[in-house]
Structure formats: structure tokens, C-alpha cells
Amino acid sequence: MKWALLALCAAMVLTPARADDGYQLWLRYAPLDKAASARAGDIGSEVVTASRSPTAKITAEELTRGLSGLLAKKVASGDAIRSNGAVLFGTPKDSPSIAGLALPLERVGSDGFVIKSAVVKGKRVTVIAGNTDVGALHGAFAFLRLVQTGAALDALDVVEAPKVKLRMIDHWDNLDRTMERGFSGFSIFNWWELPGHVDPQLVDYARAEASLGINGIVLTNPSGLTTAVSLTEPWLKKAAALADLFRPYGIKIYLSARFSCPQELGGLKTGDPLDPQVRAWWKAKADEIYRIIPDFGGFLVKANSEGQPGPQDFGRSHADGANMMAEALAPHGGIVIWRAFVYSPKPEDRVKQAYNEFKPFDGQFADNVVIQVKNGPLDFQPREPFSPLFGGLEKTPAGIELQITKEYLGFEIHLVYLGTLWQEVLQSDTYAKGSGSTVAHAIDGSLFHNKLSLIAGASNVGTARNWSGSIFDQANWNAYGRLAWNPDADARAIAEDWVRMTFTSDPAFVKPVIDMMMQSRETAVDTMTPLGLAHQMATGHHYGPGPWIDNVGRPDWNPTYYNGADKSGIGFDRTPTGSNAVAQYHAPLAAIFADPNKTPEPLLLWFHHLPWDHKMVSGRTLWDELALHYARGVENVKAMQATWARMKPYVDAERWQITADFLAMQYDSAVEWRDASIAYFQSLSGRPLPHGVPAPAHDLDWYKAKRLPFAPGNPGKTASPFRED
Ligand code: BDP
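None of the values given here were measured: they were computed from a predicted structure.

Rules of the game
- Residues numbered from 1 in each chain as written.
- Predicted model: local features only at pLDDT ≥ 70, side-chain atom pairs only at ≥ 80, totals over all residues.
- Heavy atoms only, no water.
- Helix = DSSP H or I, 4+ residues; strand = E, 2+ residues; numbered from the N terminus.
- Domains from an automatic or database assignment.
- Contact = heavy atoms within 4.5 Å.
- Buried area = accessible area lost by both parts, 1.4 Å probe.
- Salt bridge = Lys/Arg side-chain N within 4 Å of Asp/Glu carboxyl O.
- Polar contact = N/O pair within 3.5 Å; in protein donor to acceptor, adjacent residues only side chain to side chain.
- Nonpolar A, V, L, I, M, F, W, Y, C, P; charged D, E, K, R; others polar.
- Pairing = 2+ DSSP bridges.
- Axes fitted to C-alpha atoms, helices over the stretch in contact; angles between N-to-C directions.
- Near = heavy atom within 4 Å.
- Areas by Shrake-Rupley, 256 points an atom, 1.4 Å probe, with all protein chains shown as cover.
- Phe/Tyr/Trp six-rings, centres within 6.5 Å; stacked < 30°, edge-to-face > 60°.
- Lys NZ or Arg CZ within 6 Å of the ring centre and 35° of its normal.
- Expected span 1.5 Å × (residues − 1).
- Buried < 20%, exposed > 50% of the residue type's maximum accessible area, 1.4 Å probe, protein only.
- Core = buried A, V, L, I, M, F, W, Y, C linked by side-chain atoms within 4.5 Å.
- Parallel < 35°, antiparallel > 145°, perpendicular 65-115°, else oblique.

### Description of unusual backbone geometry
Logical step 1: For the bond from Leu-194 to Pro-195, the omega torsion is 0 degrees, close enough to zero to count as cis.
Logical step 2: Looking at where Pro-195 falls in the secondary structure, it is placed in the loop between strand E7 (166–170) and helix H6 (201–212).
Logical step 3: Backbone torsion omega between Ala-587 and Pro-588 reads 0 degrees, so that peptide bond is classified as cis.
Logical step 4: Positive phi, normally seen in glycine, also occurs at Arg-177, with a value near 80 degrees.
Logical step 5: Relative to the helices and strands, Arg-177 resides in the loop between E7 and H6.
Logical step 6: Of note, Asn-304 is a non-glycine position whose phi angle comes to about 50 degrees, a positive value.
Logical step 7: Tracing the backbone through its elements, the reader meets Asn-304 in the loop between strand E10 (298–301) and helix H10 (318–329).

### Side note on the domain arrangement of the protein
Logical step 1: According to the domain assignment, the protein contains domain 1 (31–160), domain 2 (166–501) and domain 3 (525–572 + 609–705).
Logical step 2: Between the C-alpha centres of domain 1 and domain 2 there is a distance of 33 Å.
Logical step 3: Counting residues at the interface gives 16 residues for domain 1 and 14 residues for domain 2.
Logical step 4: Summed over the three residues of domain 1 that lose the most area to domain 2, namely Phe-141, Arg-145 and Thr-149, the buried surface amounts to 35% of that side.
Logical step 5: Joining domain 1 to domain 2, the criterion identifies 3 salt bridges.
Logical step 6: If you look at where domain 1 meets domain 2, you find 4 residue pairs in polar contact (both at pLDDT 80 or more).
Logical step 7: Secondary structure elements with two or more residues in the side of domain 1 that touches domain 2: helix H3 (54–71) and helix H5 (133–148).
Logical step 8: Top element by residues in the side of domain 1 that touches domain 2 is H5. It accounts for 6 residues.
Logical step 9: Of the residues belonging to the side of domain 1 that touches domain 2, the class tally is 6 nonpolar, 5 polar and 5 charged.

### Quick look at the sheet that holds strand E12 (residues 369–374)
Logical step 1: Strand order in the closed barrel formed by 8 strands is E7-E8-E9-E10-E11-E12-E13-E14, and the pairing between neighbours is parallel. Here the average twist between neighbouring strands, direction ignored, is 25 degrees.
Logical step 2: Bridge analysis of E7 against strand E8 (residues 216–218) gives 3 bridges, and the strand direction is parallel. By the bridge assignment, Asp-170 is partnered in E8 with Val-218.

### Re the site of the ligand
Logical step 1: Near the ligand you find 15 residues, and of these Glu-180, Lys-302, Arg-339, Asp-379 and Glu-407 are the closest.
Logical step 2: In this structure, Glu-407 approaches the ligand through a side-chain N or O atom, which is 2.5 Å from an oxygen atom.
Logical step 3: Protein contact buries 100% of the 320 Å² of open area that the ligand shows by itself.
Logical step 4: Per-class residue counts for the shell around the ligand are 3 nonpolar, 2 polar and 10 charged.

### Things to note about the packing of aromatic side chains
For any two aromatic rings, the description comes down to two numbers: the centre-to-centre distance and the angle of the planes.
Logical step 1: Across all of its chains, the model carries 40 aromatic pairs by this definition.
Logical step 2: Each ring, one from Tyr-205 and one from Phe-246, has its centre 6.1 Å from the other, and the planes form 75 degrees; the classification is edge-to-face. Remark: Phe-246 occurs in helix H7 (residues 233–246) and Tyr-205 occurs in helix H6; sequence separation between them is 41 residues.
Logical step 3: Put simply, the rings of Tyr-23, Trp-26, Phe-189, Trp-191, Tyr-205, Trp-235, Phe-246, Trp-467 and Trp-477 pair up and form one aromatic cluster.
Logical step 4: Above the plane of the ring of Phe-572 lies Arg-574, whose end atom (NZ or CZ) is 3.7 Å from the centre.
Logical step 5: In this structure, Arg-574 packs its charged tip against the face of Trp-606, placed 4.8 Å from the ring centre.

### Focus on H3
Logical step 1: Taking 1.5 Å per residue, 18 residues should reach 26 Å; H3 reaches 25 Å between its end C-alpha atoms and fits that length.
Logical step 2: Counting buried positions along H3 yields 14 of 18 residues, so the element is predominantly enclosed.
Logical step 3: A positive backbone phi angle near 50 degrees is found at Ala-72, which sits one or two residues after H3.

### A short note on the side chain of Asp-473
Logical step 1: Take Asp-473: it is sitting in helix H14 (residues 471–485).
Logical step 2: Separated by 2.7 Å, the side chains of Asp-473 and Lys-406 make a polar contact.
Logical step 3: Not counting the four nearest positions on each side in its chain, Asp-473 is found in contact with Lys-406, Phe-411, Glu-412, His-414, Asn-460 and Ser-468.

### Comments concerning the pattern of salt bridges
Logical step 1: Summed over the entire model, instances satisfying the criterion amount to 42 salt bridges.
Logical step 2: In this structure, the salt-bridge partner of Asp-497 is Arg-145, at a minimum N-O distance of 3.9 Å. On the criterion of sequence distance, the pair formed by Asp-497 in helix H15 (residues 491–502) and Arg-145 in helix H5 is long-range, its members being 352 residues apart. Across the pair, exposure class does not vary: Asp-497 and Arg-145 are buried alike.

### Section: the nonpolar core
Logical step 1: Ranked by size, the top nonpolar core spans 170 residues in total, and within it Phe-143, Tyr-205, Phe-246, Trp-282, Trp-338, Trp-477 and Trp-644 carry the most contacts.
Logical step 2: Core analysis: the next-biggest nonpolar cluster, separate from the first, contains 27 residues, Leu-533, Ile-549, Met-616 and Phe-681 among them.

### A short note on H10
Logical step 1: Along its 12 residues, H10 runs 17 Å from first to last C-alpha, staying within 8% of the 16 Å computed at 1.5 Å per residue.
Logical step 2: Within H10, 9 of the 12 residues are buried, which leaves it mostly tucked inside the rest of the structure.
Logical step 3: Those residues of H10 hidden inside the fold are in contact with helix H9 (276–292), E10, strand E11 (335–339), helix H11 (350–358) and E12.
Logical step 4: One side-chain oxygen at the N-terminal end of H10 lies 3.2 Å from the backbone nitrogen of Ala-319; it belongs to Ser-317.

### A closer look at the packing of H5 against H6
Logical step 1: In contact at an axis separation of 8 Å, H5 and H6 are set at 85 degrees when each is read in the N-to-C sense. Compared by their axis directions, H5 and H6 come out roughly perpendicular. Between H5 and H6, the contacting residues are Leu-137, His-138, Phe-141 and Arg-145 on the first element and Arg-207, Ala-210 and Ser-211 on the second.
Logical step 2: Tallied by class, the residues present in the contact of H5 with H6 amount to 3 nonpolar, 2 polar and 2 charged.

### A short note on the pairing of strand E9 (residues 252–256)
Logical step 1: Summarising burial for E9: 4 of the 5 residues are buried, a large majority.
Logical step 2: Sheet analysis places E8 next to E9, joined by 3 bridges and oriented parallel. Counterpart to Val-218 in the pairing with E9 is Tyr-254.
Logical step 3: The pairing of E9 with E10 spans 3 bridges and is classified as parallel. Across the sheet, residue Ser-256 finds its bridge partner in E10, namely Leu-300.

As C-alpha cells, then:
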């Protein structure tokens with residue numbers, strides 16, 4: 001009875017105002033088509049469990065909701081198997097029936113699960129088992145995914161455990177609810193109302209994260225100027241209310257910690273990590289936090305980067321800083337996630353700075369420290385080589401940080417599926433221990449046998465009714481979670497599941513839409529930064545083109561610094577004749593990247609400055625090839641528009657329209673990128689345009705004068721003493 005009431009309340013809260021606004025994400029549970037429904041037969045006739053924990057209640061609720069929707073009939077839950085087709089879930093501890101099946105649970109750890117078709121008490125059942133209730137919850141979501149995607153359900157034998165231990169979502173949310181680089185409204189965390197009131201929409205948020213197996217959420221922006229406040233008692237109590245909400249979903253909460261807290265909050269004269277008073281301050285703070293949030297996950301720290309305080313302010317190293325915090329958290333089982341996104345204004349090639357600052361301290365970090373490294377050595381560009389810290393840090397766990405929010409990939413406007421970008425980096429070979437030493441295996445801990453392993457995604461979730469700002473950005477959230485669970489997963493397979501769950505399994509829709517998603521990232525690269533160019537976006541907002549932008553006289557990192565374009569050619573020389581960043585990679589990559597004839601063309605201008613007439617694999621000149629890439633960017637957006645126009649009959653009007661509107665904006669943006677970039681680079685190369693590339697609609701001065709009307713400041717950007725990038 002109590003359960004039924006709970007389910008009813010949940011249904012009232014969860015039912016979207018309009019059916020097709022994207023609110024339900026990939027958890028729509030729309031009725032299966034006839035064929036899939038026939039295949040399901042009587043599977044899903046009822047939901048059965050012997051477990052009584054809050055997590056088990058959530059699991060029962062999700063299964064009944066999901067199966068009722070998918071099978072278009074009322075599916076009930078109870079504690080005894082009554083019919084063939086029952087779905088029995090739980091742990092061997094609570095359920096003698098599950099214990100009696102001798103499932104291979106020793107292989108799934110605390111978060112994984114087994115899904116198995118079996119006969120229990122004479123009835124055909126589907127068993128979903130975990131060693132913990134959270135494992136079973138993950139299994140329930142996996143089972144629902146199988147049903148939703150039309151899989152055969154009669155002989156299931158699934159054994160899964162996540163490969164990465166800490167599967168994190170990082171919110172770059174400020175306490176005033178603005179979001180750094182957020183393009184989906186405001187923060188979903190309403191700090192003002194906490195802890196008294198917890199927005200029930202957060203239940204749906206927790207469901208969505210749990211459906212992906214996410215087990216850690218950083219609530220606050222590591223760059224925010226307000227994060228010191230977030231470690232004071234009133235704010236910790238607010239965070240505790242969120243921890244209570246997320247706990248039954250298997251999700252711990254973490255907070256960003258500002259290195260200057262002892263000075264800002266404690267009134268100390270210094271934040272020196274070797275100072276005994278400072279160390280005592282952090283210990284006392286950790287004790288206080290764990291009194292308020294007993295299962296607190298730990299700290300995320302951005303130190304000595306972009307003007308943030310850090311141990312170097314006191315002549316100490318990243319290891320000194322991280323270890324001090326680690327020592328305070330260790331007695332409580334907390335961890336320190338220390339970001340390697342560090343750079344400061346100095347003449348050194350910016351992409352070398354993180355490696356230079358961390359490699360010398362490899363092996364000197366405490367056991368409960370993970371270094372969180374962005375996928376590329378620069379900053380979430382449409383394409384970068386992988387960061388050499390993967391494979392470079394051999395004695396310190398290096399986790400990977402991905403950006404789900406599309407700061408440099410067209411915000412929520414451009415349709416860009418990031419699964420392919422992430423797969424490209426995860427499958428890159430670091431050669432740290434010979435060939436096959438992929439980034440995926442470096443970060444999942446298997447390459448260097450790390451105890452801790454971590455993957456983090458900077459969230460794209462906000463108050464937008466569709467959560468992510470655009471429907472297709474939901475795919476990036478989804479793909480991130482799937483890759484966090486299994487970094488070796490295939491981006492196309494993930495996209496296919498997502499399309500089926502989010503829209504329909506009609507083959508006339510599924511194939512063209514997946515094809516569109518799969519090429520969309522390359523289109524973003526062609527549009528903005530072809531052939532290994534990087535950071536060509538307009539300074540500040542990072543949306544439109546600005547390849548000419550140059551802050552003369554500063555050791556700065558603006559587009560002209562990165563493209564290195566002049567009359568002689570284009571590109572950044574990172575070979576031994578230039579910054580020698582190639583030396584940060586293991587053999588044979590260092591030599592491959594040092595040779596323009598061996599460097600893969602998609603990364604050519606990242607590593608080399610080459611003459612405009614440099615001969616490319618196609619036989620064309622570099623100039624011609626560059627111009628053709630920009631033109632291809634526009635053509636491919638046009639092709640996406642045509643595909644989407646054909647999809648209209650298969651999609652509800654609202655989700656179709658927002659996507660069509662955004663594609664039209666993306667088209668205009670791609671034209672601007674093509675014309676502005678070509679106008680600028682042609683002013684340097686002096687070469688004619690190759691056949692098939694239209695002349696820019698305006699002259700260069702027109703593009704230079706045109707500023708996108710983002711004012712004042714930029715969307716989602718916090719004020720900071722060091723914000724010019
Ligand atoms: C850059 C963003 C900046 C972030 C920074 C970071 O432009 O807003 O604060 O990354 O990761 O990409 O800390």
C-alpha cells in the first residue's frame with residue numbers, strides 16, 4: 001500500500017507537463033511496437049523482490065513504471081513469484097531464491113549485476129541480482145534498456161561490472177545558480193531553498209544518473225569564486241540534503257574545495273600546505289563535513305590554474321597541496337580529485353604545462369588522490385591529441401575529464417554527438433607499456449594497476465525542460481555515462497540504444513539518425529578547426545569564429561597564437577624545432593608526431609607549421625585542403641538538415657522543431673565559420689580558392705567587425721581575475 005502510494009506520488013511529480021518536450025530523456029518507456037512486444041511475450045508480468053531498502057523501493061518503482069509503460073499494461077510488484085515472466089530482483093543476502101541460483105556475482109563487485117533468465121519455483125523468471133541493492137538497481141536499468149531497445153529477452157545471461165571505480169558528473173554550477181559554460185538554463189540545485197525543500201525534479205535527475213551507473217556528483221564549480229562559502233556549516237547542511245536524496249541511487253556527493261579556504265574562512269594568514277595550522281584547519285573541516293555528511297565523497301580541486309589559489313602561491317607543489325587535503329580526508333575514506341588543468345601566463349607552450357607540472361611528482365601523491373586530466377592537453381577542443389599525462393603518470397592514478405557541455409562545439413545549438421570524440425581519445429594508444437596501452441586502460445586502472453580509477457564529465461544539465469538545452473545533447477550525457485561504465489564501449493552502439501530509447505525503433509528513423517550523429521563531430525571539426533587547428537573561437541564566448549584575434553604583447557593564448565598563420569604558412573610547431581611538445585609522448589609517437597609526413601592529417605597543424613603549398617595525401621596543397629574542409633563543414637550541416645527534414649513523420653512536433661531550428665542556426669554558423677576563416681587565412685596565403693569553395697560573402701573587415709551580441713560578459717561565465725581565454 002505504502003509502495004503504491006509512493007508510486008502514485010512519483011507519477012504525479014514525474015508526469016511531464018507536455019508529453020513530448022524531452023523531459024523524460026531516454027527513460028520514456030513508450031509502448032513497444034508490435035514485433036518487440038510479441039518477442040517479450042509474458043516477460044515482465046510482475047516485479048518481485050524480498051529487499052526492503054530505500055534503494056530496493058526505488059528499483060521496484062522503476063521496474064513497474066518502465067514495464068507498465070513498455071508493455072502497455074499495469075505491472076504490479078510484490079514479494080512472491082506468482083506468474084511466469086516475473087522479474088525477480090535483489091541480492092543473495094535478502095533472497096534465498098537468488099542465493100540458490102549460484103550466479104557469478106563474485107565477478108560484479110559492489111556496483112555490477114547479473115541478469116539471467118532462469119526457472120525459480122517452477123516459474124520462468126528474469127533474475128536481476130547484485131551483491132548490493134545498488135548493483136541490482138543498475139541491473140534494473142540495464143534490463144529496462146534491453147526491453148526498450150527491443151532485445152530478445154528469453155535467454156538473458158548478462159554479467160556486468162563497471163570498469164571504472166569513480167564515475168563522476170562534475171557540475172560547474174555556482175551557488176547563485178549560474179553555470180560556468182552551461183547552455184541549458186540555470187543550475188538544477190536551488191541552494192536558497194535547501195535544505196528545507198528538495199526540488200522533486202531532482203528525483204528524476206538522480207534516476208537519470210543512476211540509469212547510467214554514475215556514482216559521484218560534484219555539486220559545485222571548481223572555478224567558482226563562491227566555493228569557499230560552500231564549505232561553511234549552513235552550506236554543508238544544504239549539501240547534506242542533496243546527499244540524502246542521492247544516497248539510495250548509489251551516488252555520493254563531492255564538493256569543490258577552494259585552496260584558500262583556511263584564509264578565507266578560517267582567518268589564517270597563510271594557506272601553505274606545510275603549515276601545521278593550515279593542516280589542522282583542513283583536518284577540522286574534514287571532521288566537520290563528515291559529521292554532517294557521513295558518506296561524503298571528497299574534494300575536487302582546481303589549484304594554480306586560471307588565477308585560482310593553490311600551493312604554488314606558497315612555493316609548494318601540487319603534491320604538497322593534494323596530500324595535505326588527502327591526509328584530512330583519509331580517516332573518513334574521502335578522496336581528493338586534483339585537476340591537472342593548470343596553466344598560467346608564461347611563454348611556455350600552454351599544452352606542455354600540465355605535463356611539466358605533474359610528471360616530476362609522479363609517485364609522490366597520497367593513496368587517496370586521483371589526478372583528473374582533461375582528454376587533450378589544451379582545453380576540450382573539437383579535436384586534440386590525447387593528453388600525454390595518460391601514459392605519462394605511471395605511479396599516480398590519472399582519471400580523465402571530459403566536457404559534456406559543448407563549450408567549444410557550438411553550445412546547445414550545434415548537433416554534435418561526442419561519443420565518437422571520446423571513443424577516439426579512449427582508444428588512443430599511449431604506448432606507455434608497448435602497443436595496446438590505450439588511454440581507456442590507463443584511466444580504468446588496468447594498465448598501471450591503480451587502486452583508484454576515475455572518469456569525470458562536466459555536466460550539460462540545467463533547468464531547461466529538456467535538461468540539456470537540446471534533445472541531441474541528451475545523447476552526450478547518455479554516452480558519457482555509458483562510457484564511464486565501460487570506456488571500451490562502442491560509440492555507435494551507444495548512439496543506437498539512445499536513439500531507440502529516446503525516439504523510436506523504426507528502422508527508417510534509426511539508421512539515418514545514427515549516421516547523422518556519427519559524422520556530426522567531424523562536421524564540427526571541419527566547421528571550426530580542421531586539420532589539427534585549435535582554439536579558433538572568438539575570445540570569451542567560444543561560439544563563433546575569431547582566427548584573427550591576437551592580444552599583442554601578452555604571452556597569451558588566443559587564436560593567432562594557436563594557428564601560427566602568416567604569409568609563409570600555418571600551424572603550431574611542436575617538433576624539436578619548435579616547442580618540442582612531441583617529446584612528452586612515448587615512442588614511437590614522439591617520432592611520428594615530429595614528422596609531418598607521418599603525423600595523421602587530422603592532427604597535422606597541431607604539431608607542425610607548414611607552408612601553404614605543403615602537399616597533402618590527396619595531392620592537393622594544404623591551402624586547398626583547408627578551404628575544402630571548411631566548405632565540407634557547411635555541406636554536411638546542410639545534409640543533416642535534409643536528413644532531419646525527412647525524419648519529421650517519426651518524431652513528435654516539439655522535439656522535431658527544436659532540432660530543426662537549431663540545425664538552421666548551425667547552418668548559418670557553419671557558413672560564418674567557413675567564410676570568416678577563409679577570408680582571414682586567404683589574406684595571409686594569397687592563394688585562390690579551390691574549385692567548389694564559394695568566395696566569402698563579405699570581406700575580412702566585415703567579419704572582424706561583427707561581434708556576436710553576447711553582452712555583458714558571456715553566457716554562463718563567472719567573473720574572475722583571469723578570464724581572457
Ligand atoms: C575552460 C573554460 C573555463 C573553465 C576551465 C576549467 O573556458 O570556463 O573554468 O576550462 O576547466 O574550458 O577549469
